[in-house]
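The chain contents come next:
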Amino acid sequence: MTNDVLENARSHFEGLVKEQLERVEKMKEAEDWVDYSSLKPIIIGVCWGDGIGPIISQETQRILEFVLEDEVKSGKVVFRTIEGLTIENRAEHRAAIPEDVLEELKACHVILKAPTTTPEKGDEWPNIESANVAMRRYLDLFANVRPVKVPKEGIDWIFFRENTEGAYVLGSKGILVTEDLAFDFKVITKQGAERIMRMAFEYSKNNNINKLTVVTKANVVKTTDGLFLDTAARVGKEYPDVEWEGWYIDIMTAKLVDPKRRTQFRVLVLPNLYGDILTDEAAEFQGGVGTAGSANIGKRYAMFEAIHGSAPRMMREGRGKYADPSSLIRAAAMMIRHIGFAERAEKLEMALDICGQYEKRISITGRADGCTAAELGEYLMETMKDPELKNRWTAAVE
Ligand code: IPM
Ligand code: MG
């Protein structure tokens, strides 16, 4: 009995190690970054997702078509709807992302993804993996970039969350050794830590921010977080103008709510799970996860999404049309910037700030006492058309 148990555990672990060593080898084959300016068309795949997903995606796509009107007309940009990323289809195929859907995704350059349902223990769905976690891994979207800004309070953060390893990469591959003993695994690789670290340092350097905060729990989780921290030290040597310091996740979580300290943080880089948690906390200052966008960036593909879920409760209660599309629209703004239209991304972001944080001529509450997603969409488009947009934004923020 004991021998079988040990043999089982040993071969399970061996399988995981082999798989991860192969991933490391793939990372070593350095790929070049896509040059969007040379692409025609740039194909934007839109996944409508579950729950409130179709409602907020429809609004977001409408705004994107408005913002990129000329490019759509000239054929520089095309939209492609990807139907199959729904919980029903995924459950039927018992796959986080069914094979044919993955092929469709790979035929796009960038993807706008609405929330998808992640099954949890005890619900009606088979135990398939989260679609976004799978997509990040299949398309090697190693950087999860999440900005949070509250100009009035001096908050201007950008989080670089490592997106393809840490506690997530083997999150569905833990082992119940016996009914008494459960193991999960956390993985950090030198290559994986280096590419996210480099991106954070590059961002700091290119934006003249001389301070980078590296968040771990390396005092306790010594091997993996230790490697992450060592990588910061190694890569940091190449960026003498960017000072970096290490923080532990527990005290970091506390200092984010300290009004005297929190404005000093600007660029933060962190392993997957800490990044997941800290970015939800951070988004709360800006008005909640409904207001934050998220970019999942790799060298070949990039996917942009809301940071919240599919809100099944809202749908059950018949409140879907009041769902806030701002988070997905913010993600769409990041997408436009990523594919080379920075000025228009800025305009859209200004409109989002004005309509959602400052002027708030109508406001969205998720309930019938607030406006609908479509009404907010109209308000945003009308605001973007205003030739005084920039002045209006500056006046609002000051
Ligand atoms: C996020 C989400 C996902 C994550 C969930 C839905 C699996 O919380 O994008 O932050 O944990 O990464
Ligand atoms: Mg999260």
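Residues numbered from 1 in each chain as written. Chains lettered and ligands numbered in written order. Predicted model: local features only at pLDDT ≥ 70, side-chain atom pairs only at ≥ 80, totals over all residues. Heavy atoms only, no water.

S.K.: Where do I start with the site of ligand 1 in this structure?
M.R.: Inspection of the region around ligand 1 gives Ser 130, Asn 132, Val 133, Arg 136, Arg 146, Arg 161, Tyr 168 and Asp 276 as its neighbouring residues. Relative to its unbound accessible area of 320 Å², ligand 1 is 75% covered by the protein chains. Per-element tally for the shell around ligand 1: the top contributor is helix 6 (residues 131–138), with three residues. Its residues assigned to classes, the shell around ligand 1 comprises two nonpolar, two polar and four charged. (Near = heavy atom within 4 Å. Areas by Shrake-Rupley, 256 points an atom, 1.4 Å probe, with all protein chains shown as cover. Helix = DSSP H or I, 4+ residues; strand = E, 2+ residues; numbered from the N terminus. Nonpolar A, V, L, I, M, F, W, Y, C, P; charged D, E, K, R; others polar.)

S.K.: Sorry if this is basic, but what is going on with empty space enclosed by the protein here?
M.R.: Over the atoms a probe the size of a water molecule is rolled, and this reveals where empty space is left. With the rule as written, the count across this model stands at one cavity of 30 Å³ or more. Here the largest cavity is characterised by a volume of approximately 30 Å³. As for the largest cavity, its lining consists of Val 133, Arg 137, Asn 163, Thr 164, Tyr 168 and Val 169. Grouping the amino acids of the lining of the largest cavity by side-chain chemistry returns three nonpolar, two polar and one charged. (1 Å grid on protein atoms, 1.4 Å probe; cavity = no way out; pocket = protein on both sides within 12 Å on 5 of 7 lines; lining within 4 Å. Points joined across faces, edges and corners; volume = space filled by probe spheres on them.)

S.K.: Looking at this model, I keep getting lost on the domain arrangement of the protein. Mind explaining?
M.R.: In many analyses, interface size is given as the accessible surface area lost on bringing the parts together. Structurally, the protein comprises domain 1 (31–141 + 298–398) and domain 2 (145–285). Computed from C-alpha atoms alone, the centre-to-centre distance between domain 1 and domain 2 is 24 Å. Note on domain 1 versus domain 2: buried area summed over both sides is about 1300 Å², and carbon and sulfur give 54% of it. Looking only at domain 1, the three residues that lose the most surface to domain 2 are Arg 136, Ile 307 and Met 334, adding up to 38% of its buried area. The tally of links from domain 1 across to domain 2 stands at one salt bridge. A salt bridge links Asp 140 to Arg 195, with the nearest nitrogen and oxygen atoms 2.9 Å apart. Seen at the junction of domain 1 and domain 2, the total is three residue pairs in polar contact (both at pLDDT 80 or more). Of all the elements in the fold, those that place two or more residues in the side of domain 1 that touches domain 2 are helix 6, helix 13 (342–358) and helix 15 (389–397). Among the elements that take part in the side of domain 1 that touches domain 2, helix 6 stands out by supplying three residues, more than any other. (Domains from an automatic or database assignment. Buried area = accessible area lost by both parts, 1.4 Å probe. Salt bridge = Lys/Arg side-chain N within 4 Å of Asp/Glu carboxyl O. Polar contact = N/O pair within 3.5 Å; in protein donor to acceptor, adjacent residues only side chain to side chain.)

S.K.: Explain a nonpolar patch on the surface to me, please; I cannot follow it from the model alone.
M.R.: The grouping of Phe 13, Val 17 and Leu 21 at the surface amounts to a nonpolar patch, some 270 Å² of accessible area in total. The topology assignment puts Val 17 in helix 1 (residues 2–28). What makes Val 17 partly exposed here is its relative accessible area of 33%. (Patch = residues over 30% accessible without salt bridge, like charges linked within 9 Å, V, L, I, M, F, W, Y side chains within 5 Å. Buried < 20%, exposed > 50% of the residue type's maximum accessible area, 1.4 Å probe, protein only.)

S.K.: I keep staring at the state of the cysteines and nothing clicks. Help me out?
M.R.: Note on terminology: a disulfide is the covalent bond linking the sulfur atoms of two cysteines. A full pass over the atoms with the stated rule returns zero disulfides. The thiol of Cys 108 is not disulfide-bonded; the next cysteine sulfur, from Cys 47, is found 7.6 Å away. Its relative accessible area of 0% is what places Cys 108 among the buried residues. In this structure Cys 355 is a free cysteine whose sulfur lies 9.6 Å from that of Cys 371, the closest cysteine sulfur available. (Disulfide = S-S within 2.5 Å.)

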